[in-house]
Amino acid sequence: MTFVDEHPGCGDESQLQFVSRAFERLGLRDDQRELLLSSFRETQVSIPVKVRTADGESLRTFTGFRVQHNHARGPFKGGLRYHPSVCLGEVRALAQLMTWKTALVDIPFGGAKGGINVDPKSLSLDELEMLSKRFMQKMTPVLGVHEDVMAPDVGTDPQTMAWLMEAYSKAHGYTPGVVTGKPVELGGSPGRLEATGLGVAFVTRVAVESLGWAMKTLKIALQGFGNVGYHAAHALAAMGARIVAVSDSSGGVYAEQGLDIAAAGRYRAHAGTLAGLPGAEPLSNAELLALPCDVLIPAALGHAIDTHNAARVGARLIVEGANMPLTHLADAALRERGVPVVPDIIANAGGVLTSYYEWVQNLQQFPWERGTVLRRLEKRLVRTFHEVRDVSEHHQIDLRTAAYVLAIQRVARALTLRGL
Ligand code: NAD
């Protein structure tokens, strides 16, 4: 079974390879594999938006996707990404990843993903609002509180979710639970904004403890200083680790004694770049990946570590903050070198877990306090890490394959019970 994609270079062979390793381990039949790999529904829409240009105004038509992979265990759930490279193959692979992620952390959701091939920085706020609301109007028939619930991802944020909720509520009446990651004033959950990064930090802590390392002795490098990277770095520094390097798309910065993450965040917000951060040396993204350190957290886009740079990775442990930051060949090369990898489906699952808590609060119209949300988040992630580690040790397999085995088993069981 291969992903067929009309956009060259846009499918995801790595995802298929990771899943196949778990299929082998589980001894699943070909017909079961085919069902588990198939999308339930793939929807593509055109979204025309009037944009301002140097000569006045023109019409641009964007393409939007929503891939709903599997809903055996509950409504489809997954983010919406705005990025120029968005294509059907990538959205399809990310939708499938969400199915395994929701199953692994054992919440009653399936998996989906959406995307629009747009550079959000090229549009004004008004144009982004129009784009988001038109996308929601066109997707409304396949979405719903008990059908499919969207959330922020790369290039989208709580404001985007507020526009989507407004567009859906226009047609169906006030429906906060149709999206998560909303502003707190509109039914968003306290803690949701920082939840993915915080979750990465919780998982990193339990992973390093299981290796017998102490947080306070650790040197950590992070690629990506957006929502996930910034909050992970901030939380890890608060836990006592030394964040020696961070980077974004414009390059990175390094400080042997450790960076002040809050100050770096303020500097980046003001200057629009990390370059020139006082007290830090410049560092390229390639140098960051090769930096000798204890933990490397790729928290930017997919496939940051591939066959070209995997051999140069200088860290002793990798924690995947981003979705699919390692290609399967890079993953194999690191396995060969004995560098453990904590996979994305557990490391960055804090976002979808807190989205679930937000959805529950919306259904009950009963908001929780931030402390309650974060305590539940940490407890569930630590429990999941232990479950994955136990499977890995029991079967002598890597953490990623163990995580997929657990997740796929749960989805396969749900399909069997439902008689699908
Ligand atoms: P974001 O848009 O807030 O941040 C992305 C960061 O990556 C930015 O700092 C950007 O400058 C940087 N970046 C982009 N290209 C880069 C490059 N070539 N080299 C170095 N840095 C680069 O996005 P985010 O929400 O932080 O998401 C990051 C990753 O985490 C994505 O893979 C996303 O799918 C995944 N993720 C996000 C969430 C969430 O709740 N936001 C949840 C689960 C997974």
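Residues numbered from 1 in each chain as written. Predicted model: local features only at pLDDT ≥ 70, side-chain atom pairs only at ≥ 80, totals over all residues. Heavy atoms only, no water.

Asker: How should I be thinking about the packing of helix α1 (residues 13–26) against helix α10 (residues 328–336) in this particular structure?
Answerer: Packed helices, taken two at a time, are described by the angle their axes make and the gap between the axes. Packing of α1 against α10 brings their axes to within 8 Å, and their N-to-C directions diverge by 50°. Compared by their axis directions, α1 and α10 come out oblique. The segment α1 lies against α10, with Glu13, Ser14, Gln17, Phe18 and Arg21 engaging His328, Asp331 and Arg335. Grouping the constituent residues of the contact of α1 with α10 by class yields 1 nonpolar, 3 polar and 4 charged. (Axes fitted to C-alpha atoms, helices over the stretch in contact; angles between N-to-C directions. Helix = DSSP H or I, 4+ residues; strand = E, 2+ residues; numbered from the N terminus. Parallel < 35°, antiparallel > 145°, perpendicular 65-115°, else oblique. Contact = heavy atoms within 4.5 Å. Nonpolar A, V, L, I, M, F, W, Y, C, P; charged D, E, K, R; others polar.)

Asker: Looking at this model, I keep getting lost on the site of the ligand. Mind explaining?
Answerer: For the ligand, the set of nearby residues contains 22 residues, the closest of which are Arg81, Asp153, Thr196, Val228 and Asn323. Taking Asn227, its main chain carries an N or O atom lying 3.0 Å from an oxygen atom of the ligand. One of the backbone nitrogen or oxygen atoms of Ala300 is found 3.0 Å away from an oxygen atom of the ligand. Protein contact buries 81% of the 830 Å² of open area that the ligand shows by itself. At the level of elements, α6 (192–210) and α7 (227–238) are the ones that each hand at least two residues to the shell around the ligand. For the shell around the ligand, the class distribution of residues is 7 nonpolar, 11 polar and 4 charged. (Near = heavy atom within 4 Å. Polar contact = N/O pair within 3.5 Å; in protein donor to acceptor, adjacent residues only side chain to side chain. Areas by Shrake-Rupley, 256 points an atom, 1.4 Å probe, with all protein chains shown as cover.)

Asker: What is the right way to read α7 from this model?
Answerer: In an α-helix, one turn spans 3.6 residues, which is why side chains three or four residues apart end up on the same side. With 12 residues, α7 ought to run about 16 Å at 1.5 Å a step, and its terminal C-alpha atoms sit 17 Å apart, in line with that. Taken together, the buried positions of α7 are Val228, Gly229, Ala232, Ala233, Ala235 and Leu236. In this fold, the buried residues of α7 make contact with α6, β6 (219–223), β7 (242–248), α8 (261–271) and β10 (293–298). The positive-phi residue at the C-terminal boundary of α7 is Gly240, with phi of around 110°. (Expected span 1.5 Å × (residues − 1). Buried < 20%, exposed > 50% of the residue type's maximum accessible area, 1.4 Å probe, protein only.)

Asker: I would appreciate a short explanation of the confidence of the model for the protein in the present structure.
Answerer: Any segment with low pLDDT has predicted coordinates that should not be analysed in fine detail. A residue-level look at the protein finds 97% of positions with pLDDT of 70 or above and a mean pLDDT of 95. Confidence drops under pLDDT 50 across residues 1–9; counting only partners more than four residues distant or on other chains, this segment forms 19 contacts. (pLDDT = per-residue confidence, 0-100.)

Asker: Any chance you could explain the side chain of Thr102 here in plain terms?
Answerer: Along the polypeptide, Thr102 turns up in helix α3 (residues 88–104). With relative accessibility at 0%, the residue Thr102 sits in the buried group. Within polar-contact distance, the side chain of Thr102 engages the backbone oxygen of Gly110 at 3.2 Å. When neighbours within four sequence positions are excluded, Thr102 is seen to be in contact with Arg73, Ile107, Phe109, Gly110 and Val352.

Asker: How should I be thinking about the sheet that holds strand β9 (residues 281–283) in this particular structure?
Answerer: The strands making up a sheet associate through hydrogen bonds between their backbones, and the pairing can be parallel or antiparallel. Reading across from one edge, β9-β8-β7-β6-β10-β11-β12 is the order of the 7 strands in this open sheet, with mixed pairing throughout. Looking along the sheet, the strands with just one partner apiece sit at the ends: β9 and β12 (341–342). Pairing of β10 with strand β11 (residues 315–319), which is carried by 3 bridges, proceeds in the parallel orientation. Looking at β11, one finds that Cys293 is bridged to Ala315. The strands touched by α7 within the sheet are β6, β7 and β10, with β6 carrying the most contacts at an inclination of about 170°. (Pairing = 2+ DSSP bridges.)

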